[in-house]
Amino acid sequence: NPRHTATLAISLLAIAQGAAASSELRETALDIFSPLPSTMPSLNDNRITPEKIDLGKALFFDPRMSASGVFSCNSCHNLATGGDDNMPVSIGHGWQKGPRNSPTVLNAVFNEAQFWDGRAPDLAEQAKGPVQAGVEMANTPANVLLTLNSMPQYVEWFQASFPEEDDPVSFDNFAKAIEAYEATLITPSPFDAWLNGDDGAMTEQEVRGLQTFVDAGCASCHSGINLGGNGYYPFGLVERPGADILPEGDKGRYMVTETVDDEYVFRAAPLRNIALTAPYFHSGVVWDLRTAVEIMASSQLGADLSEDEVTDITAFLGALTGEMPEVVYPILPVETADTPKPTG
Ligand code: HEM
Ligand code: HEM
């Protein structure tokens, strides 16, 4: 039947055109973004071994690394809820509120610098911060070492993780083990599968959203493996958001560089798993991802996106939700009479 043949030809043509368009978009996308690597990244001066990963995991989940014995890394970077705490700003030692929203630790190993203002160059440097921060874990390196040395099981684990060292239980190695564990927290997403050539991995709407994300200019700041985490920009480049969203007291990178040009400059936030990590922005005041997209469009691009464009971009951001690492809750070493008691 010629009519059927014609219909078939037309649908095949449409499919072919669709495939051509998506392969063109894929080429563009591969210039801007990178899929997650299929193997674990290598770390600067920190060889990853199974022993080190297991030790780092124990430390990540151990609340005794905080002065109060209440807070572990997982308190604010909960691996059951997207690697963050789903609070506007974190609550730490003595029920204090910190100044900023907790970013996810998932895929953080691919950020070129850590924190909203990028003040830590890597995860090992970063891990030393929260332990000592008064509003987070309020501990001291000396007390962490007393705690670790008081439990023979920890001492054994440090020896097995740093076999070539005479004095393996150190604050540096504490941080390196955590870094090694964090390097395993990687979440391959539909977007990665799509970048790697699987046309069916994203829905038509998500693909349209990616196209809009690129065309509108979002990708000029949110690029690379983590769609962000690799550059600094004024929050409010085109139009300054209100003080509720961009509180005046937090001047971002200015606090790091003390350069006037860096006032209210922040790291372009990494966007993997963004659908899981509300509320948004360093102030953590925006609960709805669509609204966050609208704020970005006006504050960073001065763009007036249509409802459909915002919906499509938001759908695309959903395709960045990855497969969560399987986490078996670690059983931690038991304390001894020498273990420092919780304080505060
Ligand atoms: C930032 C890991 C403990 C709250 C970060 C980042 C990492 C991380 C990797 C940077 C992520 C990024 O920039 O994208 C850890 C580890 C911890 C720990 C390994 C345990 C040693 C905590 C605790 C809290 C907390 C207990 C809450 C009381 C925060 C906040 C930030 C942050 C608010 C953002 C700070 C800023 O940008 O100035 N953490 N964290 N973290 N973490 Fe933690
Ligand atoms: C933060 C999306 C354009 C720079 C964010 C966040 C989202 C987002 C969802 C919140 C991340 C979080 O809370 O974890 C978008 C979209 C864009 C866009 C959809 C296009 C419509 C841009 C552009 C720039 C930029 C063009 C640079 C000029 C930043 C910065 C932050 C951020 C610096 C962190 C803001 C803060 O300190 O809270 N973006 N973005 N974004 N974006 Fe964009």
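Residues numbered from 1 in each chain as written. Chains lettered and ligands numbered in written order. Predicted model: local features only at pLDDT ≥ 70, side-chain atom pairs only at ≥ 80, totals over all residues. Heavy atoms only, no water.

Colleague: Explain the coordination of the iron atom of ligand 1 here, please?
Modeller: Metal coordination angles in their ideal form are 109.5 degrees for the four-donor tetrahedron and 90 or 180 degrees for the six-donor octahedron. Protein coordination of the iron atom of ligand 1 is limited to a single donor, His-77 (NE2), which sits 2.0 Å from the metal. On the secondary structure map, His-77 appears in the loop between helix H3 (73-76) and strand E1 (91-92). (Donors = N, O, S within 2.8 Å, 3.2 Å for Na, K, Ca; no water. Helix = DSSP H or I, 4+ residues; strand = E, 2+ residues; numbered from the N terminus.)

Colleague: In this structure, what is going on with the site of ligand 1? I would like to understand it.
Modeller: Neighbouring residues of ligand 1: 27 residues in total, closest Cys-73, Cys-76, His-77, Phe-115 and Arg-267. Here Gln-126 contributes a side-chain N or O atom positioned 3.1 Å from a nitrogen atom of ligand 1. Side-chain polar atom of Arg-267 to an oxygen atom of ligand 1: 2.8 Å apart, as the coordinates give it. Those elements giving two or more residues to the shell around ligand 1 turn out to be H3, E1, helix H4 (123-132) and helix H7 (171-182). In terms of residues, the shell around ligand 1 owes the most to one element, H4, which gives five residues. (Near = heavy atom within 4 Å. Polar contact = N/O pair within 3.5 Å; in protein donor to acceptor, adjacent residues only side chain to side chain.)

Colleague: Explain the side chain of Lys-57 here, please?
Modeller: Inspection of the secondary structure puts Lys-57 in helix H2 (residues 50-61). For the buried Lys-57, which has no salt bridge, the nearest side chain bearing the opposite charge is Asp-54, at an N-O separation of 5.8 Å. Aside from chain neighbours lying at most four places away, what touches Lys-57 is Tyr-181, Val-327, Val-328 and Pro-330. (Buried < 20%, exposed > 50% of the residue type's maximum accessible area, 1.4 Å probe, protein only. Lys, Arg positive; Asp, Glu negative; His and termini not counted. Salt bridge = Lys/Arg side-chain N within 4 Å of Asp/Glu carboxyl O. Contact = heavy atoms within 4.5 Å.)

Colleague: Before we go on, may I ask you to explain the coordination of the iron atom of ligand 2 in this structure?
Modeller: Those donors, His-222 (NE2) and Met-296 (SD), are the protein atoms that reach the iron atom of ligand 2, and they lie 2.0 to 2.2 Å from it. Judged by its relative accessible area of 24%, Met-296 falls in the partly exposed class.

Colleague: Looking at this structure, I do not really get the site of ligand 2. What am I missing?
Modeller: Lining the immediate environment of ligand 2, one finds 25 residues, of which Cys-218, Cys-221, His-222, His-282 and Met-296 sit closest. His-222 is positioned such that a nitrogen or oxygen atom in its side chain is 2.9 Å from a nitrogen atom of ligand 2. Within the contact set of ligand 2, an oxygen atom lies 2.7 Å away from a backbone nitrogen or oxygen of Phe-281. For the shell around ligand 2, the secondary structure elements donating two or more residues are strand E4 (265-267) and helix H11 (289-301). At six residues, H11 tops the list of elements feeding residues into the shell around ligand 2.

Colleague: Which parts of the structure should I look at to understand the packing of helix H9 (residues 204-216) against helix H12 (residues 307-318)?
Modeller: If you want to describe how two helices pack, look at the angle between their axes and the distance between the axes. At a minimum axis distance of 7 Å, the contact between H9 and H12 shows a crossing angle of 105°. In terms of orientation, H9 lies roughly perpendicular with respect to H12. Two secondary-structure elements touch here, H9 through Gln-205, Glu-206, Arg-208, Gly-209, Leu-210, Thr-212 and Phe-213 and H12 through Glu-309, Thr-311, Asp-312, Ile-313, Ala-315, Phe-316 and Leu-317. (Axes fitted to C-alpha atoms, helices over the stretch in contact; angles between N-to-C directions. Parallel < 35°, antiparallel > 145°, perpendicular 65-115°, else oblique.)

Colleague: Any chance you could explain unusual backbone geometry here in plain terms?
Modeller: Backbone phi values are negative for most residues with the exception of glycine, while trans is the configuration of most peptide bonds. In this chain, Ala-278 is followed by Pro-279 through a cis amide linkage whose omega measures -5°. Looking at where Pro-279 falls in the secondary structure, it is placed in the loop between E4 and H11. A positive phi angle, close to 55°, is found at Asp-45, a residue other than glycine. Positioned with a positive phi, Asn-86 is a non-glycine residue whose angle comes to about 55°.

Colleague: I keep staring at the environment of Leu-123 and nothing clicks. Help me out?
Modeller: Structurally, Leu-123 is set in helix H4. Each C-alpha atom of the pair Leu-123 and Lys-176 lies 8.0 Å from the other, and the pair is 53 residues apart in sequence. Setting aside chain neighbours within four positions, we find Leu-123 in contact with Ala-108, Val-109, Gln-114, Glu-179 and Glu-182.

Colleague: Explain H7 here, please?
Modeller: At 3.6 residues per turn, the α-helix brings residues three or four places apart onto the same side. Given a rise of 1.5 Å per residue, twelve residues ought to cover 16 Å, and the 17 Å separating the end C-alpha atoms of H7 matches this to within 8%. All of the buried residues in H7 are Phe-171, Asn-173, Phe-174, Ala-175, Lys-176, Ala-177, Ile-178, Glu-179, Ala-180, Tyr-181 and Glu-182. Where H7 is buried, its residues touch H2, H3, H4, helix H5 (141-149) and helix H6 (152-161). (Expected span 1.5 Å × (residues − 1).)

Colleague: Explain the pattern of salt bridges here, please?
Modeller: Once the charged atoms of two side chains with opposite charge are near each other, the side chains can pair. Applying the stated criterion to the full structure yields 14 salt bridges. We note a salt bridge from Glu-263 to Lys-251, for which the minimum N-O separation is 3.8 Å. Remark: Lys-251 occurs in the loop between strand E3 (232-234) and helix H10 (254-257) and Glu-263 occurs in the loop between H10 and E4; sequence separation between them is twelve residues. With a relative accessible area of 27%, Glu-263 lands in the partly exposed category. Taken together, the shared-partner salt bridges connect Arg-100, Asp-117, Arg-119 and Asp-250 into one network.

Function-wise, these values are silent; they only describe arrangement.
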